[in-house]
Amino acid sequence: MINVLMFGPPGSGKGTQSVTLAEKYNLLHLSTGDMLRAELKAGTGLGKKMEAIMAAGELVPDEVVIEMIAQKIDSTTGKKGFVFDGFPRTVEQAEALQKMLEVRGMKIDLMLVLEVNDVELMDRMKKRALVSGRADDADEAVINNRIEVYRSKTEPVIEYGRSTGVSRQVDGVGSIEDIFDRLCSHIETII
Ligand code: ADP
């Protein structure tokens, strides 16, 4: 089993790349953002509780996403591993994931960190706002907050990966295909 973590600020393209990476290597794509939006759309109790937090660009409580991920890992069969997209987003989530994998005989094999400068990020997010229909994409102040939350709460997770030797920085500017090739070249080193 291989477990790949995709990192990068909002708008860095981790969702887009995760989908194609998962297809190519027969991994399950696990996006906590997609899972939470599905709860919102289905109008579940959990979705209703998380709606305001997500619309403000804040993080939902760690235990909510940790539980979602654990359930998905345990209900998955026939895959060679997982691509985690948007999780872990805090050091606490990273520690929980590491333990969760360990007790199941797995580990974090690779952390891919997409690097995109702020000017390019804002430009991409403005374009995405026109098509995504996401409340958290529609407001510039919320986008700025999400980038700020990424810098303060999620970047420390990259340090955590660096200390365990699994993180790789990847240039996230260029064509989707070129970035995909850069990501694949790192995955090839662990399979
Ligand atoms: P993006 O990376 O484009 O900001 P995501 O789809 O990954 O978007 O996440 C959207 C929102 O869902 C986040 O702003 C946050 O409110 C919530 N969310 C997603 N994943 C997590 C997580 N691992 N921990 C806490 N909140 C999360």
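The text that follows walks through the structure, step by step, so that each part is easy to find. This one's a predicted model, so the numbers in the text were calculated from it and none came from an experiment. (Residues numbered from 1 in each chain as written. Predicted model: local features only at pLDDT ≥ 70, side-chain atom pairs only at ≥ 80, totals over all residues. Heavy atoms only, no water.)

## So, the overall build of the chain
Line of reasoning, step 1. Looking only at helices and strands, one finds eight helices and five strands in the chain.
Line of reasoning, step 2. Helices and strands in the chain line up, N terminus first, as β-α-β-α-α-α-β-α-β-α-α-β-α.
Line of reasoning, step 3. A compact globule built from 191 residues should have a C-alpha radius of gyration of about 16 Å, and the chain, at 16 Å, falls within 12% of that.
Line of reasoning, step 4. A total of 191 residues make up the chain; the buried ones form 44% of that total.
Line of reasoning, step 5. Considering only contacts within the chain whose residues lie at least 6 apart along the sequence, 74% involve residues at least 24 apart.
Line of reasoning, step 6. Approximately 9500 Å² of the chain is accessible, and the part contributed by carbon and sulfur atoms is 53%.
Line of reasoning, step 7. With 24 positive and 30 negative side-chain charges, the chain shows a separation of 3 Å between the mean positions of the two kinds. (Helix = DSSP H or I, 4+ residues; strand = E, 2+ residues; numbered from the N terminus. Rg over C-alpha atoms; globule rule 2.2 N^0.38 Å. Buried < 20%, exposed > 50% of the residue type's maximum accessible area, 1.4 Å probe, protein only. Contact = heavy atoms within 4.5 Å. Areas by Shrake-Rupley, 256 points an atom, 1.4 Å probe, with all protein chains shown as cover. Lys, Arg positive; Asp, Glu negative; His and termini not counted. Charge placed at Lys NZ, Arg CZ, Asp CG, Glu CD.)

## Considering helix α3 (residues 45-55)
Line of reasoning, step 1. Of the positions making up α3, those classed as buried are Gly-47, Met-50 and Met-54. One side of α3 holds all its buried residues, which, seen down the axis, span an arc of 80 degrees. Facing away from the buried side of α3 by over 90 degrees, the exposed positions are Gly-45, Lys-48, Lys-49 and Ala-52.
Line of reasoning, step 2. Those residues of α3 that are buried lie in contact with α2 (32-42) and α4 (62-75).
Line of reasoning, step 3. Once α3 finishes, Gly-57 follows within two positions and takes phi at roughly 80 degrees, a positive value. (Arc of directions from axis to C-beta.)

## What to know about the site of the ligand
Line of reasoning, step 1. Around the ligand sit 19 residues in total, of which Lys-14, Thr-32, Arg-37, Glu-58 and Arg-146 are the nearest.
Line of reasoning, step 2. Glu-58 is positioned with one of its backbone polar atoms (N or O) 2.5 Å from an oxygen atom of the ligand.
Line of reasoning, step 3. Interatomic distance of 2.9 Å between a backbone N/O atom of Gly-86 and a nitrogen atom of the ligand.
Line of reasoning, step 4. Burial of the ligand by the protein amounts to 97% of the accessible area it has alone, namely 560 Å².
Line of reasoning, step 5. Here the element with the most residues in the shell around the ligand is α2; it accounts for four residues. (Near = heavy atom within 4 Å. Polar contact = N/O pair within 3.5 Å; in protein donor to acceptor, adjacent residues only side chain to side chain.)

## Remarks on the pattern of salt bridges
Line of reasoning, step 1. With the rule as written, the count across this model stands at 14 salt bridges.
Line of reasoning, step 2. Between Arg-104 and Asp-74 there is a salt bridge whose closest N-O contact spans 2.7 Å. In this pair, Arg-104 is assigned in the loop between α5 (91-102) and β4 (110-115) and Asp-74 in helix α4, connecting sequence segments 30 residues apart.
Line of reasoning, step 3. Accessibility expressed as a relative area gives 33% for Arg-104, which makes it partly exposed.
Line of reasoning, step 4. In this structure, the salt-bridge partner of Asp-137 is Arg-128, at a minimum N-O distance of 3.0 Å.
Line of reasoning, step 5. On the accessibility criterion, Asp-137 (1% relative accessible area) is buried.
Line of reasoning, step 6. Taken together, the shared-partner salt bridges in this structure form one network comprising Arg-128, Arg-134, Asp-136, Asp-137 and Arg-146. (Salt bridge = Lys/Arg side-chain N within 4 Å of Asp/Glu carboxyl O.)

## Notes on the sheet that holds strand β2 (residues 28-31)
Line of reasoning, step 1. The strand order β2-β3-β1-β4-β5 describes an open sheet built from five strands, whose pairing is parallel. A single partner strand is all that each edge strand has here, and the edge strands are β2 and β5 (167-171). In this sheet, neighbouring strand axes are inclined to one another by 20 degrees on average, regardless of whether the strands run parallel or antiparallel.
Line of reasoning, step 2. Across four bridges, the pairing between β2 and strand β3 (residues 81-85) is parallel. Note on β3: the bridge partner recorded for Leu-28 is Phe-82.
Line of reasoning, step 3. Sitting on the sheet, helix α7 (residues 140-163) touches β1 (2-7), β4 and β5, and the angle it makes with β4 is about 135 degrees. (Pairing = 2+ DSSP bridges. Axes fitted to C-alpha atoms, helices over the stretch in contact; angles between N-to-C directions.)

## Let's talk about the environment of Ile-143
Line of reasoning, step 1. Considering the arrangement of structural elements, one finds Ile-143 in helix α7.
Line of reasoning, step 2. Once the C-alpha coordinates of Ile-143 and Met-125 are considered, the two residues, 18 residues apart in sequence, prove to be 7.7 Å apart.

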